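Report on the structure
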Amino acid sequence: MSGWRHGTEGAQINRAKPLSFIFDGTNLTGFEGDTLASALLASGVQILGRSFKYHRPRGILTAGSEEPNALMTIGQGAAQEPNVRATTQEIYEGLHARSQNNWPSLNFDVLSVNDLAAPFLSAGFYYKTFMWPRSFWEKVYEPAIRRAAGLGALSGQNNADKYERAYAHCDLLVIGAGPAGLLAAQTAAEAGADVILADEDVRTGGRLNAETYEVDGLPGSLWADEITARLANMDNVRIMTRTTVTGVYDGGTYAALERVGHHLAHRPAGAPLETFWRIVAKRSILATGALERPVAFQNNDRPGIMTAGAVRAYVNRWNVAPGSTVTVFGNTDNAHRTAADLMAAGVHVAGLIDSRPDARCDLDLPFYAGSVVTGSEGRK
């Protein structure tokens, strides 16, 4: 079963501006505002890669930078970049994306036969086994293992892309532009502090962009837009989107990487692809939110298994339904919110399973409380 676009309102994509891109040689179409992951999911693509060791099929698990599966090689020739998360790569006209770690194709990978031997290939198996004859390790064993395992690869050609470095100073660095980060930045700026607000996403708002609830009587994403507009009009505030803060060092120095040109089909002459920032801040606020932890059960790495928060992000932010029939399993109220958003998008929810024995459900669907999931073959 494959995903599709639902509805015409509420999403943060521009349907008036379709964009063509290529995935594994196939021409596909998305919209301005799509990530590669949302565009592929809307086009019915379920398998996006193969696992490192056993070449098991991999699909989209999340909707952000925590994505472990949907790793792509973006671009061609010397400019190609491997291991880019499809969940963070914005699509643009003419984007070339290629799956990794498969041969001869993504859907028919010869080395997926490795999965059959998984029960016999325990951790460290090859370090203890391929020891004799000793000369075979570098000439036979290691090259064969490296060809069978791994992810993307560089082209080996000289890359002409430009990379820049820059410096910035501020009184307060706010890392994360969700609701907490936005209000922290606004409070500090109104008190007269010089503020830098950094977020890895293309837009501010954080989780508000993926939910349907309101803040101060406004849809969450619109509320975030209003706060952002106020901050943008303040001389003592710098908003840095597409910027990931990667570390903090002595003297209040922070490292940050800004993706300047990864979303552009044609960069202006002299414009860098990325800029590495050294930000010196007197104080900082970490407002990065939390990541959802997937529930552990057998085969929870198969295509069609997705975190509940990611499902709501695709449904609400990009108008993408992950499938026509979905079962929701969880142990918090977010599972119920996910089922409700799916039903509102026209997706058939086959059942809601809540492991809490005292859980209650107000939705009109099959509900199972105090139950657990022991295995899955993926979305049907």
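Residue numbering note: each chain is counted from 1, following its sequence as written. Where local features are concerned, this predicted model is filtered to residues with pLDDT of at least 70; where side-chain atom pairs are given and counted, the filter is 80 or more; whole-chain, interface and lining totals use all residues. Hydrogens and water are ignored here; the side-chain numbers use all heavy atoms of the structure.

1. Quick word on the sheet that holds strand β8 (residues 95-98)
Strand pairing is defined by DSSP finding a minimum of two bridges between the two strands. Runs of E in the DSSP output that reach at least two residues are strands. Runs of H or I that reach at least four are helices, and both are numbered from the N terminus. A sheet is described by the order of its strands in space; here five strands give the open sequence β3-β2-β8-β6-β7, paired in mixed fashion. The sheet is open, and its two borders are formed by β3 (26-32) and β7 (81-85), each paired with just one other strand. Here the strands of the sheet are splayed against their neighbours by 40° on average, with no regard to which way each runs. Here strand β6 (residues 71-74) runs beside β7; their pairing, made up of three bridges, is antiparallel. Counted as the bridge partner of Leu71 is Arg85 from β7. Note on geometry: axes are lines fitted to C-alpha atoms, helical ones only across the stretch in contact, with angles between N-to-C directions running from 0 to 180 degrees.

2. What to know about the nonpolar core
For soluble globular proteins, nonpolar side chains are generally found buried alongside one another. Grouping buried Ala, Val, Leu, Ile, Met, Phe, Trp, Tyr and Cys residues that are joined through side-chain atoms within 4.5 Å yields what is termed a nonpolar core. Residue burial is assigned from relative accessible area. The probe radius is 1.4 Å, only protein chains are included, and a residue is buried under 20% of its type maximum, exposed over 50%, and partly exposed in between. One finds Phe21, Phe23, Leu36, Leu40 and Tyr314 to be the most contacted residues of the largest nonpolar core, which totals 45 residues. Tallying contributions element by element places helix α1 (residues 36-42) first for this core, with six residues. Core analysis: the next-biggest nonpolar cluster, separate from the first, contains 16 residues, Ala177, Leu182, Ala188 and Trp223 among them.

3. As for the sheet that holds strand β13 (residues 237-240)
Read across the open sheet, the six strands follow the order β13-β10-β9-β16-β15-β14; overall the sheet is mixed. In the strand order of this sheet, the two ends are held by β13 and β14 (243-249), each with one partner. Geometrically, the sheet is characterised by an average inter-axis angle of 30° between neighbouring strands, direction not taken into account. Seen against the sheet, helix α4 (residues 179-190) touches β9 (163-175), β10 (195-198), β13 and β16 (274-286) and runs at an angle of roughly 170° to β10. Contacts: residue pairs with any heavy atoms within 4.5 Å of one another.

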